[in-house]
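The lines below spell out each chain.
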Amino acid sequence: MQRRYSSPEKGLFPLLPALVLAGAFGMFCGCDALNAPLKEEIAYHLSLHPVKTGEELTAAIGAVPPGGSGAFTIMTDIFLSATILIDGKTITVEAYAGNSDEKVIRRAAGFSGLMFRVQSGGKLVLGGGRNKENLALDGEKRAGSDSLVTVPGSGALVLNDGAELRNNREPAPQQGGAVLVSGGSFTMNGGLITGNAVTGSLSGSGGGGVYISGSGSSFVMNGGSITGNTVSGNDTMGAGVFVKGGSFAMNGGTISENETEKDGGGVYVTGGFTMNGGSVSGNTAGNDGGGVCVTGAGRFTMNGGSISGNISTFGGGGVGSTHGGEFTMKNGSLRGNTASHGGGVIVFNNASFRMEGGSISENTAIHGLVPAIPLAGGGVLVRSASGGFTMTGGSISGNIASEGYGGGVCVSDGPFYMSEGTISGNVARLSDGGGVYVHSGSTSFTMSGGTIGVNTAGGNGGGVYIFSTPIPPYTSFTLSGGRISRNTAGDRGGGVCNEQGEFTMSGGTISGNTAAVQGGGVHNWNGLFKMGGSATVNVDNPVFPQGAAAAITLTGPLSANPAANIAGTFGSGTQLLTNNAFLMGGSPANYTRFLVNGAPGKINHLGVYTP
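The structure reproduced in this document is the subject of the present report.

The rules behind these values
- Residues numbered from 1 in each chain as written.
- Predicted model: local features only at pLDDT ≥ 70, side-chain atom pairs only at ≥ 80, totals over all residues.
- Heavy atoms only, no water.
- Helix = DSSP H or I, 4+ residues; strand = E, 2+ residues; numbered from the N terminus.
- Buried < 20%, exposed > 50% of the residue type's maximum accessible area, 1.4 Å probe, protein only.
- Contact = heavy atoms within 4.5 Å.
- Areas by Shrake-Rupley, 256 points an atom, 1.4 Å probe, with all protein chains shown as cover.
- Phe/Tyr/Trp six-rings, centres within 6.5 Å; stacked < 30°, edge-to-face > 60°.
- 1 Å grid on protein atoms, 1.4 Å probe; cavity = no way out; pocket = protein on both sides within 12 Å on 5 of 7 lines; lining within 4 Å.
- Points joined across faces, edges and corners; volume = space filled by probe spheres on them.
- Nonpolar A, V, L, I, M, F, W, Y, C, P; charged D, E, K, R; others polar.
- Pairing = 2+ DSSP bridges.
- Arc of directions from axis to C-beta.

## Observations concerning the overall build of the chain
- Counting its secondary structure elements, the chain contains five helices and 71 strands.
- Split into buried and exposed, the 611 residues of the chain put 56% on the buried side.
- Once local pairs closer than 6 in sequence are excluded, the contacts in the chain between residues at least 24 apart make up 80%.
- Carbon and sulfur atoms provide 54% of the accessible area of the chain, an area that totals close to 21000 Å².

## Topic: the packing of aromatic side chains
- By the definition in use, this model includes 17 aromatic pairs.
- Relative to F248, the ring of F219 has its centre 4.6 Å away and its plane inclined at 5 degrees; by these criteria the two rings are stacked. In this pair, F219 sits in strand β20 (residues 218–221) while F248 sits in strand β25 (residues 247–250), placing the two residues 29 residues apart along the sequence. Here F219 matches F248 in class, with each residue buried.
- Between the aromatic rings of Y437 and Y465, the centroid separation amounts to 5.4 Å while the plane-to-plane angle is 5 degrees, which identifies the pairing as stacked.

## Some words on the layout of surface pockets
- Put simply, the largest pocket is a space of about 160 Å³.
- Lining the largest pocket, in full, are S203, G204, D235, M237, F242, K244, Y268 and T270.
- Of the residues in the lining of the largest pocket, the class split is three nonpolar, three polar and two charged.

## Some thoughts on the sheet that holds strand β59 (residues 488–489)
- Judged by pairing direction, the sheet is parallel, and its 12 strands sit side by side in the order β17-β22-β27-β31-β35-β39-β43-β47-β51-β55-β59-β63 without closing on themselves. With one partner strand each, in any of the chains shown, β17 (197–199) and β63 (514–515) form the two edges of the open sheet.
- As paired strands, strand β31 (residues 284–285) and strand β35 (residues 311–315) are joined by two bridges and run parallel to one another. Among the inter-strand pairings, T284 is bridged to a residue of β35, identified as I311.

## Regarding helix α4 (residues 54–63)
- Buried within α4 are the following residues: G54, L57, A60 and I61. What you see down the axis of α4 is that its buried residues fit within an arc of 135 degrees, all on one side. Opposite the packed face of α4, turned more than 90 degrees from it, sit the exposed residues E55 and G62.

Next comes the structure, spelled out in structure tokens:
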């Protein structure tokens, strides 16, 4: 049976002078209504147990019977000389709001342990109620202190408006500067977690603000702020929140201005993280994932909210999906993040990213040198041989590669699948691949729908740039549907520039692109360019072949007429089309479906130019 522990006679004393004064004033004025707000406030405080020392708080909580509940109001700053254990009971701690001064719980001299341990069905509620301000647990930046609160087993912690967990310095056990949850639950409805720090050298260290560990652990954030926390050391991750196991659901609130030397400035995830709302902003990581890093067995699903203004020294200013981690984006925004590589997102080392909706926009890759290979990816960088990136919706737009390749997307290893969505308005300022850059080895980009449009490259490939070494396996881009349109190149290949790679086009349309030098539609630079089916490169977007191996290879009957306009200066007998098995196919025959410099009938049945 639940019992509420209270002491009305003690609660009355601090408010007695105000009560007497208010009563006298009411009698003088003959107006009881003037007393109503003060009476209501006094009645509320009478329901709480007032405490003035750490010993009083410890004794009062200890006196609450198992299965019971107690509510306590802190009247003045208090010092704890030992950990308060909350076991099998529900305890609420608030601060007296009779003046504007905050009430602070600190450790006594010589004590560096936990302030509260909540376990075995216990529950601790900090703040909230009528007193929504002025309660703080303050670690005072003492070196060598334990976490402020731990929640093992089946314990539960609730942080409400007005409660603050701050300034704890916690090098041992190197986990959870303010809160360590290891099997219990933590619900944050409001309040503030700030100024906490973890310094560690052990694997799995971190969680400057909050550390969640164990399969049964959970953290639900509905509001409040986790800000200004730090972690440092060789293996410390997750300056704001470290989710090692269990689950983290973010429905509101902010995780901001946290900083780590390694991964996960805001959140580091090897467990489960679902983001439905709120914001992760202004965090900094010295390696991957300025906002969020999901890695190993970590799974991150983003249904809403924003990840913005975060910074990573290496990869993934907004999100780093690394070393087997999985990130699914269904809605929300990754906006205005910055990194050397993958301004918005890096997908690295067998990790995966599935984009079903939402937006990756206005992110910046500022450098792009991995040494001697100028990769970048203003919006997204993919370097993941298995896993890769799957795009079935959403938009990647307005991103910038300031020096390296791929304003919107750079794929340097692994697959990228695009069936819907848009890659638009991105810029590679000084280099190639305004929308998409596909680079090196067995890398592939498969596009069956969606749009790559209105992107700009300072160099080649306004929409898409494909680069490969001349030794197989070749870098490949396959277009079976969708559009590549209205892109601009400062050099060659307004729509697509294929340098020694393999560009296969069985459908889709290339139109309305421009190039300052050659190949408004496609510049095929000693690459393999295959066409068949409904593939269409509009007449206003010429195909420019360059090099001895630049002829178009026909892979089957074409349905568009004309299928493409081949432009350039050609001598008689120049091979413009190859694969004789299909040159004679179709009605009219395939070879008649190509213009040369805008004129029909310039290619014979062998695919040779005939002036």
